[in-house]
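Overview (structure and organization)
So the chains spell out like this:
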Amino acid sequence: MADYIHGFNRKEQNRLIDQAEFLEPYVFAGIDLEFSERLLEVGCGVGAQTKILARRFPKLKIDSVDFSRDQLATAKKYLAQELKTGQVHLRQQDAQKLKMPFKKYDAAFLCWFLEHVPNPLAALRAVKRHLKPGGKMYCSEVFNQTLFVEPYSPAYMKYWFEFNDYQWSIKGHPFIGASLGHLLDEAGFSDIQVEPRTFHFDSREPEKRAAFTQYFTDILLSAEKTLLAEGRVSKELVRELKREMRVIQKAKEAVFFYAFMRATAVKR
């Protein structure tokens, strides 16, 4: 697995939970697991999406896997009730070499995961082997090339480049959302559908604009210590980025735009 750009400290783990709740209306729009009995969730991390899946689909049995023992230790605490009832089971595995005892899942769910995997095609093929015929894949992924803010924010743009370039250097893929269709096709899936899900806020929705600006600032700053240690950014650049973010949150003409990619596919 690739290194994790955000780290594994408690602050980051809490951010992942807050992020899942913040983005729930957008990530889960169109996800229909009402008639599924068993779900494979790959890359569950701290269980942030798992908790939402369990709440939205209380009859669903969820097998969630992650490579990080640190993340799973937090997930075990966060999902204590779901684990107690047996609705959720956690396993420590490498998604690229997935070997679950159960191989007839009705559906699979991957969210903000493949961007961190050195060989995403291997992971998708492994997931496909564990789906029953007709089983459906739901996959949401980043497409960081799409991020745009107004007013012009050079420190922000410089930091964002270093953020993405560093993730690429550790064998992640910050633009993988655009490749989901190709990857799912190569993995042998059928009925592949890929669509952008956009966040576009301007003066017509100032509260949402401010909220999403803050949300993305938190994502950027989650890698601050790593990027400083790597010599990719300076403390001066970070201070200027924070100043620019405050301007974007308040400026009447400010614009925030970002698109992530949602893919669905079926095992035939």
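The structure this text deals with has already been given above.
Report on the accompanying structure. (Residues numbered from 1 in each chain as written. Predicted model: local features only at pLDDT ≥ 70, side-chain atom pairs only at ≥ 80, totals over all residues. Heavy atoms only, no water.)

Along its length, the protein carries ten helices and eight strands. For the protein, the C-alpha atoms occupy an extent of roughly 50 × 35 × 35 Å along the three principal directions. Considering the protein as a whole, with its 268 residues, one finds that 56% of them fall into the buried category. Across the protein, contacts joining residues at least 24 apart in sequence account for 80% of those joining residues at least 6 apart. Summing over all exposed atoms, the protein offers an accessible surface of approximately 12,900 Å²; the carbon and sulfur share of this is 51%. (Helix = DSSP H or I, 4+ residues; strand = E, 2+ residues; numbered from the N terminus. Buried < 20%, exposed > 50% of the residue type's maximum accessible area, 1.4 Å probe, protein only. Contact = heavy atoms within 4.5 Å. Areas by Shrake-Rupley, 256 points an atom, 1.4 Å probe, with all protein chains shown as cover.)

Moving on to unusual backbone geometry. Residue Glu150 is joined to Pro151 through a cis peptide bond whose omega torsion reads 10°. Locating Pro151 in the fold gives a position in the loop between strand E6 (148–150) and helix H6 (154–169). Residues other than glycine seldom take positive phi values, yet Asp191 does so here, at roughly 50°. Locating Asp191 in the fold gives a position in strand E7 (residues 190–201).

Following both chains from N to C, one finds helix H1 (residues 10–27) and helix H2 (residues 48–56) inclined at 45°, their axes separated by 8 Å at the closest point. When the axes of H1 and H2 are compared, the pair comes out oblique. Our pair here, H1 against H2, has a crossing hand that is right-handed. Contacts from Leu16, Ile17, Ala20, Glu21, Glu24 and Val27 of H1 reach H2 at Ala48, Gln49, Ile52, Arg55 and Arg56. (Axes fitted to C-alpha atoms, helices over the stretch in contact; angles between N-to-C directions. Parallel < 35°, antiparallel > 145°, perpendicular 65-115°, else oblique. Left-handed = near helix turned anticlockwise from the far one by under 90°.)

Moving on, we come to helix H10 (residues 235–250). Spanning 16 residues, H10 covers 23 Å between terminal C-alpha atoms, matching the ideal 22 Å at 1.5 Å per step. Buried within H10 are the following residues: Leu237, Val238, Leu241, Glu244, Met245 and Ile248. All buried residues of H10 fall inside an arc of 120° around its axis, so they share one side. Across from the buried face of H10, at angles greater than 90 degrees, the exposed residues are Lys235, Glu236, Arg239 and Lys250. Where H10 is buried, its residues meet E6, H6, helix H8 (206–221) and helix H9 (224–229). (Expected span 1.5 Å × (residues − 1). Arc of directions from axis to C-beta.)

With seven of seven residues buried, strand E4 (residues 105–111) lies mostly within the body of the structure. Where strand E1 (residues 38–42) lies against E4, four bridges are found, and the strand directions are parallel. Across the sheet, the residue bridging to Glu41 is Phe109, located in E4. Handedness of the crossover joining E4 and strand E5 (residues 131–141) through helix H5 (residues 120–129) is recorded here as right-handed. (Pairing = 2+ DSSP bridges. Right-handed = clockwise from strand over helix to strand, strands pointing away.)

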